[in-house]
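# Geometric and topological summary
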Amino acid sequence: MSAQQSTRAPARRKTAAQRGTETPTGLVRRARRMYRKLQVAFPHVYCELDFTNPLELSVATILSAQSTDKRVNLVTPALFAKYRTAADYAGADRTELEEMIRSTGFYRNKANSLIGLGRELVERFDGQVPHTLAELVTLPGFGRKTANVVLGNAFGIPGITVDTHFQRLVHRWRWTEETDPVKIEKAVGELFPRKDWTELSHRVIFHGRRVCHARRPACGVCVLVDDCPSAGLGPMDKETAAALVKGPERDHLLELAGM
């Protein structure tokens, strides 16, 4: 960018969402417009936990609580090599299992969940992970978030994953004012066709991890800046904002921002 080109955004008028005058129809249109931009920003999305079957994804998702996907992916290769079936987890030596997952944090509680999960799957589901929300949420270590991750990514059944990134962003975007995850899931689900729910979740989470950070979002290079009621929460100067963007899509995201 030349020295003559300014990287600072001009003064912005308040949007209907910022003024509190957005209609329900206006919200649907704005949310879907934002999602179309996220599709351009992140054309290829996926679960960032490594797995090859529903049981592995269930275990990885349980381990990801209060941890990072990167940390979990370092732990699971050895874990999956040793524990291949639900029966393996059901009969696991607790001390040995705890040591293998210690680095993911809360390892005693997680070991309890994994052993309990194995036992429940063996006793109630012939050792197989069920593929309905109603059944999944009855399993140890499972809530709606974990269930939707497994449904969407292991079984191809659409679901909305309300994690911390998702909650933060939908509030910043004023897609909903709900704070309860179940109510957030319902409210956001009403804005989009059901078929989009799983990839919507991935794209929102990708954006939260790469651009719309909790402490300092990269507003100046965000593809959603024109539709975001919280634009300006982070730096609007493009050079400053660009330094905040993370992830393998960084170059692509900055190109979309005109850099």
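Residues numbered from 1 in each chain as written. Predicted model: local features only at pLDDT ≥ 70, side-chain atom pairs only at ≥ 80, totals over all residues. Heavy atoms only, no water.

### Description of the packing of helix α3 (residues 54-63) against helix α9 (residues 144-154)
To keep things clear, this is the line we draw: Here the axes come from fitting lines to C-alpha atoms, over the contacting stretch only for helices, and the angles between their N-to-C directions go from 0 to 180 degrees. Secondary structure elements follow DSSP: runs of H or I no shorter than four residues count as helices, runs of E no shorter than two count as strands, and numbering proceeds from the N terminus. By convention, the crossing between two helices is left-handed when the near helix turns anticlockwise from the far helix through less than a right angle, and right-handed when the turn is clockwise. Between two residues, a contact is recorded if the distance between any of their heavy atoms is within 4.5 Å. For this classification, the nonpolar set comprises Ala, Val, Leu, Ile, Met, Phe, Trp, Tyr, Cys and Pro, the charged set comprises Asp, Glu, Lys and Arg, and every other residue, Gly included, is treated as polar.
Across the interface, α3 lies against α9 with an axial gap of 10 Å and an inter-helix angle of 145 degrees. Viewed along their axes, α3 and α9 form a crossing whose handedness is right-handed. Residues Pro54, Leu57, Ser58 and Thr61 of α3 pack against Thr146, Val149, Val150, Asn153 and Ala154 of α9. Of the residues that constitute the contact of α3 with α9, the class distribution is five nonpolar, four polar and no charged.

### Overview of unusual backbone geometry
Defined as follows: Per-residue accessibility, obtained with a 1.4 Å probe over protein chains only, is compared with the maximum for each type, and a residue is labelled buried under 20%, exposed over 50%, and partly exposed between these values.
Here the phi dihedral of Asp126 falls at roughly 55 degrees; this positive angle occurs in a residue that is not glycine. Look at Asp126 and you get exposed, because its relative accessible area is 71%.

### Observations regarding the packing of aromatic side chains
Cut-off, in case you're wondering: Each pair of aromatic rings taken from Phe, Tyr and Trp, with Trp reduced to its six-membered ring, is defined by centres within 6.5 Å and is described as stacked if the planes are under 30 degrees apart, edge-to-face if over 60, and tilted in the remaining cases.
Scanning the model with the defined rule gives six aromatic pairs in all. Ring geometry for Trp173 against Trp175: centres 4.8 Å apart, planes inclined by 55 degrees, an arrangement best described as tilted. For the pair Trp173 and Trp175, a shared accessibility class is recorded, and that class is buried. Each ring, one from Trp175 and one from Phe192, has its centre 5.2 Å from the other, and the planes form 50 degrees; the classification is tilted. Of this pair, Trp175 sits in the loop between α10 (164-172) and α11 (181-189) while Phe192 sits in the loop between α11 and α12 (197-210), and the two are 17 residues apart along the sequence. Since its relative accessible area comes to 5%, Phe192 is described here as buried. Ring pairing ties together the aromatic residues Tyr35, Trp173, Trp175 and Phe192, which thus form one cluster.

### Looking at the confidence of the model for the protein
Threshold: Confidence scores labelled pLDDT are given residue by residue by the predictor and lie between 0 and 100.
Looking at the protein, pLDDT values average 94 and 94% of them are 70 or higher. For residues 1-7, every residue scores under 50 in pLDDT, and the model assigns this stretch eight contacts once sequence neighbours within four places are set aside.

### Focus: the packing of helix α2 (residues 24-41) against α12
The condition is simple: When describing relative orientation, an angle under 35 degrees is termed roughly parallel and one over 145 degrees roughly antiparallel, while 65 to 115 degrees is termed roughly perpendicular and anything else oblique.
It is the contact of α2 with α12, at a shortest axis distance of 10 Å, that shows an interaxial angle of 70 degrees. Viewed along their axes, α2 and α12 adopt a mutual orientation that is roughly perpendicular. Residues Tyr35, Leu38 and Gln39 of α2 form the contact with α12, whose own contacting residues are Glu199, Leu200, Arg203, Val204 and His207. Within the contact of α2 with α12, the residues separate by chemical class into four nonpolar, two polar and two charged.

### Here's the deal with the pattern of salt bridges
Definition in use: Here, a salt bridge means any side-chain nitrogen of Lys or Arg that lies within 4 Å of a carboxyl oxygen of Asp or Glu.
One pass over the structure, following the stated rule, counts 14 salt bridges. Among the salt bridges present, the one from Lys37 reaches Asp227, with a minimum N-O distance of 2.9 Å. Residue Lys37 is located in helix α2, and its partner Asp227 is located in the loop between α12 and α13 (238-242); the two are separated by 190 residues in the primary sequence. When its relative accessible area of 26% is taken as the criterion, Lys37 is described as partly exposed. Classification of Asp227 by relative accessible area gives buried; the value is 7%. Salt bridges sharing common partners tie together Glu48, Asp69, Arg209, Arg210 and Glu249.

### With respect to the nonpolar core
Our working definition: What makes a nonpolar core is a set of buried Ala, Val, Leu, Ile, Met, Phe, Trp, Tyr and Cys residues whose side-chain atoms join them at distances within 4.5 Å.
If you look at the biggest cluster of nonpolar residues, it comprises 38 residues, and the most contacted ones within it are Phe166, Trp173, Trp175, Val188, Phe192, Val204 and Val221. Where this core is concerned, the elements lending two or more residues are α2, α10, α11, α12, α13 and α14 (250-256). Among the elements that line this core, the one with the most residues is α2, at six residues. What Val204 contacts, discounting residues up to four positions off in sequence, is Leu38, Phe166, Leu169, Trp173 and Trp175. One finds Leu55, Tyr107, Val150 and Leu151 within the second-largest nonpolar core, a separate group that totals 33 residues.

### Quick word on the environment of Glu22
Which entries qualify depends on this criterion: By the criterion applied in these results, polar contacts are pairs of N or O atoms within 3.5 Å in which, for protein atoms, one can donate a hydrogen and the other can accept it, and in which residues neighboring in sequence qualify only through two side-chain atoms.
Along the chain, Glu22 falls in the loop between α1 (16-19) and α2. When its relative accessible area of 25% is taken as the criterion, Glu22 is described as partly exposed. Residues Glu22 and Leu224, 202 residues apart in the sequence, show an inter-C-alpha distance of 17 Å. Other than its neighbours up to four places away in sequence, Glu22 contacts Ala16, Ala17, Leu27 and Arg30. There is a polar contact of 2.7 Å between the side chain of Glu22 and the side chain of Arg30.

### Structural notes on α3
In terms of burial, α3 is largely enclosed, as nine of its 10 residues are buried. Three or more residues of α3 are buried, namely Leu55, Glu56, Leu57, Ser58, Val59, Ala60, Thr61, Ile62 and Leu63. Its buried side turned inward, α3 meets α4 (69-82), α5 (86-90), α6 (94-101), α7 (107-125) and α9. Capping the start of α3, Asn53 holds a side-chain oxygen 3.1 Å from the backbone nitrogen of Leu55, two or three residues further along.

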